[in-house]
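# Summary of structural features
If you want the building blocks of each chain, they are given just below.
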Amino acid sequence: MSAYRDLLQQTDPEVFNTISGEEKRQSEGIELIPSENYTYPEVLCALGSVFTNKYSEGYPGRRYYGGQEFTDQVEELARQRACELFGCEHANVQPLSGSPMNQAVYLGLLEPGDTILAMDLSHGGHLTHGAPVSHMGGLFNFVRYKTNPADGSIDFDKVRDMALKNKPKLVLCGYTSYPRDLDYAAFKAIADEVGAYTMTDASHYAGLVAGKVMRNPFDFGFDVVTTTSHKSLRGPRGGMVLCSKELASKIDKSVFPGLQGGPHMNAIAGIAITLGKALQPEFRDYAVQVLANAKALGKALMDRGGDLITGGTDNHMLVLETRKSFGLDGRTAEELLDTVGLTTNKQIIPDDPNPPLRPSGIRMGTPAATTRGMKEEDMVMLAKWMTETLKNPDDTTKHESIRRDVVALCSSFPVPGIS
Ligand SMILES: *Cc1c(COP(=O)(O)O)cnc(C)c1O
């Protein structure tokens, strides 16, 4: 984009101003939404490249349009790197995002009406894991397990009972709001008992699996792993389905022509770059730091009166019970933190008595702040600013002073790709 900035500014200042406004917002605030990150400048280059001009329906070597010499090469690079990084036999890198990626798996491996066992939405599962408001929730019969109220753990006796009773065709684990690693061996044993496929949606934490600080479901014999490319992996927006050779053709047919038309080749070039970076030793350091930062932020919040779901974290994410800790619902907490430049998101907590748009907690995470180079001591500062803001919701003088401190800290940690 940088090469064409001046051109855009001249020809369409209205859109240009939204982009430069967003750059300023990203630079001068601290991104704590756990699903967000700052991608590599090289990925921004790929996204703004001429690959966006190209139609490439089909797969490398089997396309429906001519002129595929370079699209084939770049998609093959992305597929090979994905397999090397996650230790699997096949990768489909064409899903346009995380939601179609999961839909492609359900529709490719199952028949409408089949049963899927997945994590309950309010306990951390994703919308695409069968929430009644989603189309997939209507098309398949989702039965949903919950976490233990006492410690947030998953009770595998209960999950097994549900599986024996409901005979799912697919056992799905993975989450969008749960701060712990998963016992894949336990899920796999239950799935084997009822003859179900096993699938993990690692969208949130795939970067930590790649960096070897969280377990890899393929080490436990899982059939399918899906992941977005834009969260902890730091890539462009997109999705990937990883699986065995045996399932490859079912999955590929389901993505195209089953669900989608032409893939976004500019994003696939970005995914190839992202996976190349994740194969470097430095990415492991990044994953280690994401985790260390999350633990430091969690401890500092708890030291200052914050109640965290499950009492801490094993990953990049924390769920803070704002109502219990500070007497504020999640929406109010999110808005207050926004005013000081700390971006989080309101979050329903297990069996939340409050409605989804005014839930009882907020969710936060460390992938983006770690990309900027922040370390444990910075996390302690963030926790201090957060708790001071939430404990003093009406003290605008204090908020203004914290806002200045946030901007000052940000100036030492530039966002990659923003000059
Ligand atoms: C983010 C996410 C998705 C969906 O990704 P989109 O790109 O928003 O469609 C799916 N599953 C999980 C677990 C996620 O966290």
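Residues numbered from 1 in each chain as written. Predicted model: local features only at pLDDT ≥ 70, side-chain atom pairs only at ≥ 80, totals over all residues. Heavy atoms only, no water.

### Quick look at the domain arrangement of the chain
Structurally, the chain comprises domain 1 (45-278) and domain 2 (288-410). Placing a centre on the C-alpha atoms of domain 1 and another on those of domain 2 gives a separation of 29 Å. Contacts between the two partners involve 21 residues from domain 1 and, on the opposite side, 21 residues from domain 2. In total, domain 1 and domain 2 occlude about 1,700 Å² of area from one another, counting both sides; carbon and sulfur atoms represent 56% of this. Per-residue buried area on domain 1 facing domain 2 is highest for Ser122, Pro179 and Arg180; these three make up 34% of the total on that side. (Domains from an automatic or database assignment. Contact = heavy atoms within 4.5 Å. Buried area = accessible area lost by both parts, 1.4 Å probe.)

### Overview of the packing of helix α12 (residues 281-303) against helix α16 (residues 376-391)
Look at α12 against α16: their axes get within 8 Å of each other, and the N-to-C directions meet at 35°. As for the relative orientation of α12 and α16, their crossing is right-handed in sense. On the side of α12, the interface is formed by Gln289, Ala292, Asn293, Ala296, Leu297, Ala300 and Leu301, while α16 contributes Glu376, Met379, Val380, Leu382, Ala383, Met386 and Thr387. Looking at the contact of α12 with α16, its residues break down into 10 nonpolar, 3 polar and 1 charged. (Axes fitted to C-alpha atoms, helices over the stretch in contact; angles between N-to-C directions. Helix = DSSP H or I, 4+ residues; strand = E, 2+ residues; numbered from the N terminus. Left-handed = near helix turned anticlockwise from the far one by under 90°. Nonpolar A, V, L, I, M, F, W, Y, C, P; charged D, E, K, R; others polar.)

### Looking at the pairing of strand β11 (residues 317-320)
Neither face of β11 is open: one carries Met317 and Val319, the other Leu318 and Leu320, and all of them are buried. Inspection of the sheet shows β11 paired to strand β14 (residues 361-365) by 4 bridges, in the antiparallel sense. Residue pairing across strands places Leu320 opposite Ile362, the latter belonging to β14. (Buried < 20%, exposed > 50% of the residue type's maximum accessible area, 1.4 Å probe, protein only. Pairing = 2+ DSSP bridges.)

### Focus: a nonpolar patch on the surface
Taken together, the side chains of Tyr55, Tyr64 and Tyr65 define a hydrophobic patch exposed on the protein surface, amounting to about 390 Å² of accessible area. When you line up the elements, Tyr64 lands in the loop between β3 (62-63) and α4 (69-86). (Patch = residues over 30% accessible without salt bridge, like charges linked within 9 Å, V, L, I, M, F, W, Y side chains within 5 Å. Areas by Shrake-Rupley, 256 points an atom, 1.4 Å probe, with all protein chains shown as cover. Salt bridge = Lys/Arg side-chain N within 4 Å of Asp/Glu carboxyl O.)

### Remarks on the packing of aromatic side chains
By the definition in use, this model includes 11 aromatic pairs. A ring pair is formed by Tyr184 and Phe222, whose centres lie 5.3 Å apart and whose planes are at 80°; its orientation type is edge-to-face. On the criterion of sequence distance, the pair formed by Tyr184 in helix α8 (residues 184-194) and Phe222 in the loop between α9 (206-210) and β9 (224-228) is long-range, its members being 38 residues apart. Like Tyr184, the residue Phe222 is buried in the burial classification. Pairing Phe283 with Tyr286 gives two aromatic rings, centres 5.4 Å apart and planes at 45°, and the pair type is tilted. Residue Phe283 and its partner Tyr286 are located together in helix α12, separated by 3 residues, close to a single helical turn. Each member of the pair, Phe283 together with Tyr286, is buried. In this structure an aromatic cluster arises from ring pairing among Tyr106, Phe140 and Phe142. (Phe/Tyr/Trp six-rings, centres within 6.5 Å; stacked < 30°, edge-to-face > 60°.)

### Overview of the nonpolar core
With 59 residues, the main nonpolar core has Phe86, Ile154, Leu182, Phe187, Leu233 and Leu242 as its most contacted residues. With 7 residues, the single largest contributor to this core is helix α11 (residues 265-278). Both of domain 1 (45-278) and domain 2 (288-410) provide at least three residues apiece to this core. Ignoring anything within four residues of it in the chain, the contact list for Leu182 reads Ile154, Cys173, Gly174, Tyr175, Phe187, Tyr205 and Arg215. Residues Ala296, Leu320, Val340 and Met374 belong to the second largest nonpolar core, which totals 31 residues. (Core = buried A, V, L, I, M, F, W, Y, C linked by side-chain atoms within 4.5 Å.)

### Some points on the sheet that holds strand β7 (residues 170-174)
Pairing is mixed across the open sheet formed by 7 strands, whose spatial order is β4-β10-β9-β8-β7-β5-β6. Because the sheet does not close on itself, it has two edges, and the strands there are β4 (90-92) and β6 (141-145). Strand-to-strand twist across the sheet, computed as the mean angle between neighbouring axes with direction ignored, equals 20°. Pairing of β9 with strand β10 (residues 239-243), which is carried by 5 bridges, proceeds in the antiparallel orientation. Looking across to β10, one finds that Thr228 is bridged to Gly239. Helix α5 (residues 98-109) rests against β5 (115-119), β6, β7, β8 (197-201), β9 and β10 of the sheet, and its axis sits at about 160° to β9.

### Here we look at the state of the cysteines
By the definition in use, this model includes 0 disulfides. No disulfide involves Cys83; its sulfur sits 4.1 Å from the nearest other cysteine sulfur, which is in Cys88. Here Cys243 is not cross-linked by a disulfide; its sulfur's nearest cysteine counterpart is in Cys88, at 7.3 Å. Residue Cys243 is classed as buried on the basis of its relative accessible area of 1%. (Disulfide = S-S within 2.5 Å.)

### Regarding the site of the ligand
Near the ligand lie 14 residues; those nearest to it are Ser97, Gly98, Ser99, Asp201 and Lys231. Measuring from an oxygen atom of the ligand, one finds a backbone N or O atom of Gly98 at 3.0 Å. Between an oxygen atom of the ligand and a side-chain N or O atom of His230, the distance comes to 3.4 Å. With the chains in place, 86% of the 380 Å² that the ligand exposes on its own is no longer accessible. (Near = heavy atom within 4 Å. Polar contact = N/O pair within 3.5 Å; in protein donor to acceptor, adjacent residues only side chain to side chain.)

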